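# Notes for the structure review
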Amino acid sequence: RIKSPAEIALIQYAMDLTLGLHRQVHAMLEPGVRASEVVKFIDRRHRELGADDGSTFAIVSFGAATSLPHGADGDQVLTEDDVILVDTGCRIDGYHSDLTRTYKLAPGDTAFEDAWAIEREAQQAVFDAAKLGASCSSLDDAARAVLARYGLGPDYALPGLPHRAGHGLGLQIHEEPYIVRGNATPLAAGMCFSNEPMLVFPGKFGIRLEDHIYMTEDGPRWFTEPAKGPTDPLLAV
């Protein structure tokens with residue numbers, strides 16, 4: 001549960017590699033591309049960039065399939081107006097990366113853009129709540145409080161957040177500490193965990209912005225900076 005500086009450095013390297021790959025995916029997406037083509041591209045580029053075994057996983061979803069946290073069956077084809085969700089990771093010397101971006105190729109969808117802003121606000125609330133000694137449960141609570149202010153949820157009701165706000169990461173892609181309701185574990189320096197309070201509108205779209213946090217003696221730090229906006233999956237300003 002408590003990572004050494006060397007372990008954090010390995011996770012940072014893996015996260016940076018996968019974030020760079022997200023940039024490449026964004027650049028290659030265009031209407032008509034199949035989700036299976038994108039998955040193959042992600043695996044190939046992870047291998048070429050030095051990951052242990054290519055992608056540990058890759059979820060690529062378009063349109064209404066983005067409302068399914070673990071993706072849909074079948075091979076989807078991207079259309080011009082689709083919401084895009086890409087969730088992938090790799091391993092470096094056994095340590096995992098895991099990053100999700102959700103966006104559209106062009107601006108102008110007010111409903112999606114408003115929802116994206118709420119998701120980003122909830123993600124930031126988790127980061128801001130990540131104080132040394134704070135319970136893991138309190139971070140999940142912080143995300144749900146944001147959604148409730150916009151009439152979403154409450155609790156696990158949909159539209160809203162149907163699962164935990166995050167999970168620990170290291171040699172396992174899902175491990176302690178879990179950022180979930182009821183987990184009284186206090187945050188301590190060396191803990192590493194995801195921040196991904198997914199916002200789901202069933203049958204329409206889902207938005208998951210996933211970056212990871214590591215705790216220091218001075219508080220939380222991002223492994224990767226959050227996404228910039230609803231049509232740009234790259235770094236925040």
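Conventions and cut-offs
- Residues numbered from 1 in each chain as written.
- Predicted model: local features only at pLDDT ≥ 70, side-chain atom pairs only at ≥ 80, totals over all residues.
- Heavy atoms only, no water.
- Core = buried A, V, L, I, M, F, W, Y, C linked by side-chain atoms within 4.5 Å.
- Buried < 20%, exposed > 50% of the residue type's maximum accessible area, 1.4 Å probe, protein only.
- Helix = DSSP H or I, 4+ residues; strand = E, 2+ residues; numbered from the N terminus.
- Contact = heavy atoms within 4.5 Å.
- 1 Å grid on protein atoms, 1.4 Å probe; cavity = no way out; pocket = protein on both sides within 12 Å on 5 of 7 lines; lining within 4 Å.
- Points joined across faces, edges and corners; volume = space filled by probe spheres on them.
- Polar contact = N/O pair within 3.5 Å; in protein donor to acceptor, adjacent residues only side chain to side chain.
- Axes fitted to C-alpha atoms, helices over the stretch in contact; angles between N-to-C directions.
- Parallel < 35°, antiparallel > 145°, perpendicular 65-115°, else oblique.
- Left-handed = near helix turned anticlockwise from the far one by under 90°.
- Nonpolar A, V, L, I, M, F, W, Y, C, P; charged D, E, K, R; others polar.
- Disulfide = S-S within 2.5 Å.
- Salt bridge = Lys/Arg side-chain N within 4 Å of Asp/Glu carboxyl O.
- Pairing = 2+ DSSP bridges.

Judged by nonpolar contacts, the single largest core of 34 residues is most densely connected at Leu-139, Leu-187 and Phe-193. Mapped onto this core, the elements with two or more residues apiece are α3 (110-129), α4 (136-149), β9 (199-201), β10 (205-207) and β11 (211-216). Element by element, the count of residues in this core is highest for α3, at nine residues. Ignoring any residue separated from it by four or fewer positions in sequence, one finds Leu-139 in contact with Val-126, Ala-129, Ala-130, Ala-134, Ile-179, Leu-187 and Phe-193. Of all hydrophobic cores here, the second largest spans 14 residues; its members include Val-33, Val-60, Leu-78 and Tyr-103.

Let us look at empty space enclosed by the protein. Within this structure, the stated rule accounts for one cavity of 30 Å³ or more. As for the largest cavity, its lining consists of Arg-144, Leu-147, Ala-148, Leu-152, Gly-153, Pro-154, Asp-155 and Leu-161.

On to the side chain of Lys-104, then. Among the secondary structure elements, Lys-104 is positioned in the loop between β5 (99-103) and α3. Given a relative accessible area of 3%, Lys-104 falls into the buried group. In this structure the side chain of Lys-104 is engaged in a polar contact, spanning 2.8 Å, whose partner is the side chain of Asp-109. Look past the residues within four positions of Lys-104 in its chain and what remains in contact with it is Asp-81, Asp-82, Val-83, Asp-109, Phe-112, Pro-230 and Thr-231.

Look at helix α1 (residues 5-28) against helix α2 (residues 35-48): their axes get within 10 Å of each other, and the N-to-C directions meet at 140 degrees. With respect to α2, the element α1 is oriented oblique. Between α1 and α2 lies a crossing whose hand is right-handed. Across the interface between the two elements, Leu-17, Thr-18, Leu-21, Gln-24, Val-25 and Met-28 of α1 pack against Val-38, Phe-41, Ile-42, Arg-45 and His-46 of α2.

Before going further, it helps to spend a moment on the layout of surface pockets. Considering only enclosed or pocket space, the largest pocket measures out at about 280 Å³ in volume. Along its surface, the largest pocket is lined by 15 residues, and His-70, Asp-87, His-167, His-174 and Glu-196 are the ones closest to its centre. Among the secondary structure elements, those contributing two or more residues to the lining of the largest pocket are β1 (57-62) and β6 (166-168). The residue inventory of the lining of the largest pocket, partitioned by class, reads four nonpolar, five polar and six charged.

Now for the state of the cysteines. According to the stated counting rule, one finds zero disulfides in the structure shown. Free of any disulfide, Cys-90 has its nearest neighbouring cysteine sulfur in Cys-192, separated by 15 Å. Overall, the relative accessible area of 0% leaves Cys-90 in the buried class. The exposure class assigned to Cys-192 is buried, which follows from its relative accessible area of 1%.

A word on the pattern of salt bridges. This model, assessed by the stated rule, comprises 15 salt bridges. A salt bridge links Arg-34 to Asp-75; its shortest N-O distance comes to 3.8 Å. Pair noted here: Arg-34 is in the loop between α1 and α2 and Asp-75 is in the loop between β1 and β2 (84-89), with a separation of 41 residues, a long-range link. Residue Arg-34 is classed as partly exposed on the basis of its relative accessible area, which comes to 38%. The partner of Arg-47 in a salt bridge is Asp-43, with the nearest N and O atoms 2.9 Å apart. With Arg-47 and Asp-43 both in helix α2 and four residues apart, this pair spans about one turn of that helix. By sharing partners, the salt bridges in this structure join Arg-44, Arg-45 and Glu-48 into a single network.

Attention shifts here to the pairing of β11. By the criterion of burial, β11 is predominantly enclosed, with six of the six residues buried. Examined bridge by bridge, strand β8 (residues 192-195) and β11 share four bridges and lie antiparallel to one another. Along β11, the bridge assignment pairs Cys-192 with Tyr-214. Bridging between β11 and strand β12 (residues 219-222) involves four bridges; their strand directions are antiparallel. Within β12, the residue paired with Thr-216 across the bridge is Gly-219.

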